[in-house]
Amino acid sequence: MEVTMDPLFLAWSYFRRRKFQQCSDICTKILEDSPYDQAAWSLKTRALTEMVYIDEIEVDQEGIAEMMLDESSIAQVARPGTSLRLPGTSHGGGPTPAVRPMTQSGRPITGFVRPSTQSGRPGTMEQAIKTPRTASTARPVTSASGRFVRLGTASMLTNPDGPFINLSRLNLAKYSQKPNLSKTLFEYIFHHENDVKNALDLAAQATEHAQFKDWWWKVQLGKCYYRLGLYREAEKQFRSALNHQEVVDTYLYLAKVYQRLDQPITALNLFKQGLDHFPGEVTLLTGIARIHEEMNNITSATEYYKDVLKQDNTHVEAIACIGSNHFYTDQPEIALRFYRRLLQMGVYNCQLYNNLGLCCFYAQQYDMTLSSFERALALVASDEEQADVWYNIGHVAVVSCLFQKTLPKIIKINKSIYNHTFSLSASNKYTLAFSLCLQGIGDLMLAYQCFKLALAFNNDHAEAYNNLAVLELRKGRIEQSKAFLQTAASLAPHMYEPHFNLSTLSEKIGDLQNSYTAAKKSEDAFPEHVDTQQLLKQLRQHFAVL
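This is a predicted model, so every value here is computed, not measured.

1. Some words on the overall build of the protein chain
For the protein chain, the count of helices and strands is 27 helices and zero strands. Residues classed as buried in the protein chain amount to 49% of the 546 residues present. Summarising the internal contacts of the protein chain: among those between residues at least 6 apart in sequence, 57% fall at separations of at least 24.

2. Considering the packing of helix 10 (residues 215-227) against helix 11 (residues 231-244)
Two elements in contact, helix 10 and helix 11, have axes whose closest approach is 8 Å; the angle formed by their N-to-C orientations is 165°. What the angle tells us is that helix 10 and helix 11 run roughly antiparallel. The element helix 10 and its partner helix 11 pack so that their crossing is left-handed. Contact with helix 10, carried on its side by Trp 215, Lys 218, Val 219, Leu 221, Gly 222, Lys 223, Tyr 225 and Tyr 226, involves Tyr 231, Glu 233, Ala 234, Gln 237, Phe 238, Ser 240, Ala 241 and His 244 of helix 11 and no other residues of that element. A class-by-class count of the residues in the contact of helix 10 with helix 11 yields nine nonpolar, four polar and three charged.

3. What to know about the pattern of salt bridges
Under the criterion given, the structure shown has seven salt bridges. In this structure, the salt-bridge partner of Asp 201 is Lys 197, at a minimum N-O distance of 3.7 Å. Here the residue Asp 201 and the residue Lys 197 both occupy positions in helix 9 (residues 196-209), the gap between them amounting to four residues, near one helical turn. What makes Asp 201 partly exposed here is its relative accessible area of 30%. Judged by relative accessible area, Lys 197 falls into the exposed class, the value being 57%. In this structure, the salt-bridge partner of Lys 520 is Glu 523, at a minimum N-O distance of 3.2 Å. Within this pair, Lys 520 and its partner Glu 523 are both found in helix 26 (residues 512-525), separated by three residues, close to a single helical turn. The exposure class assigned to Lys 520 is partly exposed, which follows from its relative accessible area of 29%. By relative accessible area, which is 18% here, Glu 523 ends up buried.

4. Side note on the nonpolar core
By size, the foremost hydrophobic cluster in this structure holds 119 residues, and its most contacted members are Trp 41, Ile 165, Leu 185, Phe 186 and Ile 189. Considering each element in turn, this core owes the most residues, nine residues, to helix 20 (residues 383-413). Excluding anything up to four places from it in sequence, Trp 41 contacts Leu 31, Phe 164, Ile 165, Tyr 175, Leu 181 and Leu 185. One finds Phe 500, Leu 512, Ala 519 and Leu 536 within the second-largest nonpolar core, a separate group that totals six residues.

5. Remarks on the packing of aromatic side chains
Counting across every chain of the model gives 21 aromatic pairs. Between Trp 12 and Phe 15, the aromatic rings sit 5.5 Å apart at their centres with planes inclined by 15°, giving stacked as the arrangement. Linking Trp 12 with Phe 15, this pair stays in helix 1 (residues 7-16), spanning three residues, or about one helical turn. For Trp 12, a relative accessible area of 33% puts it in the partly exposed group. An angle of 85° between the planes, with centres 4.9 Å apart, marks the rings of Trp 216 and Trp 217 as edge-to-face. Grouping residues by exposure puts Trp 216 and Trp 217 together as buried. Put simply, the rings of Phe 327, Tyr 328, Phe 361, Tyr 362 and Tyr 366 pair up and form one aromatic cluster. Positioned above the aromatic ring of Phe 190 is the side chain of Arg 227, whose terminal nitrogen or guanidinium carbon lies 4.3 Å from the ring centre. In this structure, Lys 475 is placed above the aromatic ring of Tyr 448, and the distance from its NZ or CZ to the ring centre is 3.7 Å.

6. Quick look at a negative patch on the surface
A cluster of acidic residues, Asp 383, Glu 384, Asp 388 and Asp 460, forms a negative patch at the surface. Within the fold, Asp 383 resides in helix 20. Take Asp 383: its relative accessible area is 42%, and that puts it in the partly exposed class.

7. A look at the environment of His 191
Locating His 191 in the fold gives a position in helix 8 (residues 179-193). For His 191, a relative accessible area of 7% translates into the label buried. Taking the C-alpha atoms as reference, His 191 lies 9.8 Å from Asp 55; in sequence the two are 136 residues apart. Apart from residues lying up to four places away in sequence, His 191 is in contact with Thr 49, Val 52, Tyr 53, Ile 54, Glu 56 and Lys 223.

8. What to know about the side chain of Glu 385
With respect to the helices, strands and loops of the structure, Glu 385 is situated in helix 20. Buried within the structure, Glu 385 lacks any salt-bridge partner; its nearest side chain of opposite charge belongs to Arg 375, at an N-O separation of 15 Å. Among the polar contacts made by the side chain of Glu 385, one reaches the side chain of Gln 351 at a distance of 2.9 Å. Glu 385 has contacts with Cys 350, Gln 351, Leu 379 and Val 380, leaving out every residue within four places of it along the chain.

9. Some words on the state of the cysteines
The full count for this structure, using the stated rule, is zero disulfides. Here Cys 23 is not cross-linked by a disulfide; its sulfur's nearest cysteine counterpart is in Cys 27, at 4.3 Å. Note on Cys 23: relative accessible area 0%, which makes it buried.

10. As for the packing of helix 9 against helix 10
Their axes nearest at 9 Å, the elements helix 9 and helix 10 cross at an angle of 150°. Relative to helix 10, the element helix 9 is oriented roughly antiparallel. As for the relative orientation of helix 9 and helix 10, their crossing is left-handed in sense. Residues Val 196, Ala 199, Leu 200, Leu 202, Ala 203, Ala 204, Ala 206 and Thr 207 of helix 9 form the contact with helix 10, whose own contacting residues are Trp 217, Lys 218, Leu 221, Cys 224, Tyr 225 and Arg 227. Of the residues that constitute the contact of helix 9 with helix 10, the class distribution is 11 nonpolar, one polar and two charged.

Here is what the cut-offs are and how they apply
Just so you know, the residues in each chain are numbered from 1, in the order the chain's sequence is written. pLDDT decides what is reported in this predicted model: residues at 70 or higher carry local features, side-chain atom pairs at 80 or more are listed and counted, and totals for whole chains, interfaces and linings draw on all residues regardless. Derived side-chain values reflect all non-hydrogen atoms in the structure, with water molecules and hydrogen atoms excluded from consideration. A run of DSSP states H or I qualifies as a helix once it reaches four residues; a run of E qualifies as a strand once it reaches two. Both are numbered from the N-terminal end. Partly exposed residues are those whose accessible area sits between 20% and 50% of the maximum for their type, while under 20% is buried and over 50% is exposed, using a 1.4 Å probe and protein chains only. In what follows, residue pairs with any heavy atoms lying within 4.5 Å of each other are defined as contacts. Lines are fitted to the C-alpha atoms to define the axes, a helix being fitted only along its stretch in contact, and any angle between axes, read from their N-to-C directions, falls within 0 to 180 degrees. Oblique is the label for any angle not covered by the other classes, which are roughly parallel (under 35 degrees), roughly antiparallel (over 145) and roughly perpendicular (65 to 115). For any helix crossing, the convention is left-handed if the near helix is rotated counterclockwise from the far helix by under a right angle, and right-handed if that rotation is clockwise. When residue character is reported, Ala, Val, Leu, Ile, Met, Phe, Trp, Tyr, Cys and Pro are called nonpolar, Asp, Glu, Lys and Arg charged, and the others, Gly included, polar. By convention in these notes, a salt bridge is any Lys or Arg side-chain nitrogen within 4 Å of a carboxyl oxygen on Asp or Glu. Joining through side-chain atoms within 4.5 Å is the link that ties buried Ala, Val, Leu, Ile, Met, Phe, Trp, Tyr and Cys residues into a set, and such a set is a nonpolar core. Centres within 6.5 Å are what make two rings of Phe, Tyr or Trp a pair, Trp counting through its six-membered ring; a difference in plane orientation under 30 degrees is then read as stacked, over 60 as edge-to-face, and the rest as tilted. By definition here, charges over rings are those cases where NZ of Lys or CZ of Arg is within 6 Å of the ring centre and within 35 degrees of the ring normal. Think of a patch as exposed residues, more than 30% relative accessible area, with no salt bridge, where like charges cluster within 9 Å and nonpolar side chains (Val, Leu, Ile, Met, Phe, Trp, Tyr) cluster within 5 Å. Per-residue accessibility takes into account occlusion by the displayed protein chains alone, with areas from the Shrake-Rupley method and a 1.4 Å probe. This count recognises Lys and Arg as positive and Asp and Glu as negative, with His and chain-terminal groups excluded. Each charge is placed at NZ for Lys, CZ for Arg, CG for Asp and CD for Glu. Pairs of N or O atoms are called polar contacts if they sit within 3.5 Å, as long as, within protein, a hydrogen donor faces a hydrogen acceptor (for residues adjacent in sequence, only side-chain-to-side-chain pairs). The definition used for a disulfide is geometric: two cysteine sulfur atoms within 2.5 Å.

Worth remembering: the numbers are spatial, not functional.
Right, here's the structure in full:
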């Protein structure tokens, strides 16, 4: 005689193993035989919720509607070091834009892709539409609410006969008095149906039934208010929940509210308050590091990421960010150790091999450079990634060729140095130049072809346009070079290189007015750039003579 497992226990087993579809199917059969089985109803609700669940703490993207129609601003002119929205309001001692690339908002490019790390808040609607909001698509996020609605529409496919629960006929007051059912029902309405209004009604009635003493329901009220854009009401609920129960997630939700209100100092103080109750908590330390990084305080961000690694030495974001910081502070050997650690942990993607290739090149491990880039090309998942890899290969070819051009002069002045070339330190530029010449890596034609390939895969690659313009100018094609520089400047107004190059080129051909205009844009993008200041000084002298 065959022994069969109890269907409800089998469904619960599937749920524990995260096989939510099988769990939902078994619960559906149970409910067909016994429509009032509360255990099966609750389990199916949880299974459907888990299918479309998104962590509210991590995913936080601002769409065009939220950014351009934001009325929650407190101060239009923030004091230095107190705002996430204004570029250059903090002086953290990090690398300048001449060394480390910047995003459109003036923040340095981070070592780990998160929502809003690709670029910051745009200043105009045109700029917002042109700016890609995610790492995988060039289309801007239209609005957060629209995104949640689309997710909810997709979730209906889990039940071809229509929604599992008809919310319009649901008596929320009755369910709010049943603690075992009301919590699973709320998560179903909030995550699966994305009906924030009904979820808010249920949470409010359940909070009232609990005599305003249940911290969990206050957190859910805060999540609903946050989703609706009522940040001050969300702040009150999260604060009240913390008074009842100290929970790490509540600190993270409240800090997210303060970041949306552009109050990073308050968020930092909140994280530190949380660390007093939960010493060494990784998520709180990571939150502090992220805020410091967004405020251009790279030194403090790196210190907190190191604290994260003391608690969790497999934290991918901390390893990647510290490695990126070491690379941009002229320590490629140390950066290489961090990226190798990621490789040992099982991270195997295009971005990692691309970074390994760059670190190997600048650390003078030339035998690994091209093989790393080949691996990166073999692992590309999108045209944007392929364009970045080809751009970096072209950059390696350009730098190698420049060292080859300068080597003969160096040898004439310092001939005796090369008697002990290979015993010199890895950072010695003479060793780098000599080694490159021995291997013959430098090739401007290779660089030219690589930049062309980068543009073939991504026609909006401003850096490739800029470098291609420089190579065209070396060939004497002034008009072509000028066109590439204008394209790069229009695609990336936050970069100072295209503006400065265009200004220099215009000054050489006698177009002083356009040269001055481009130089002012370069100064706006990078005020500390000495060459731009000197060029502006020369142009003002020209205008004074006229």
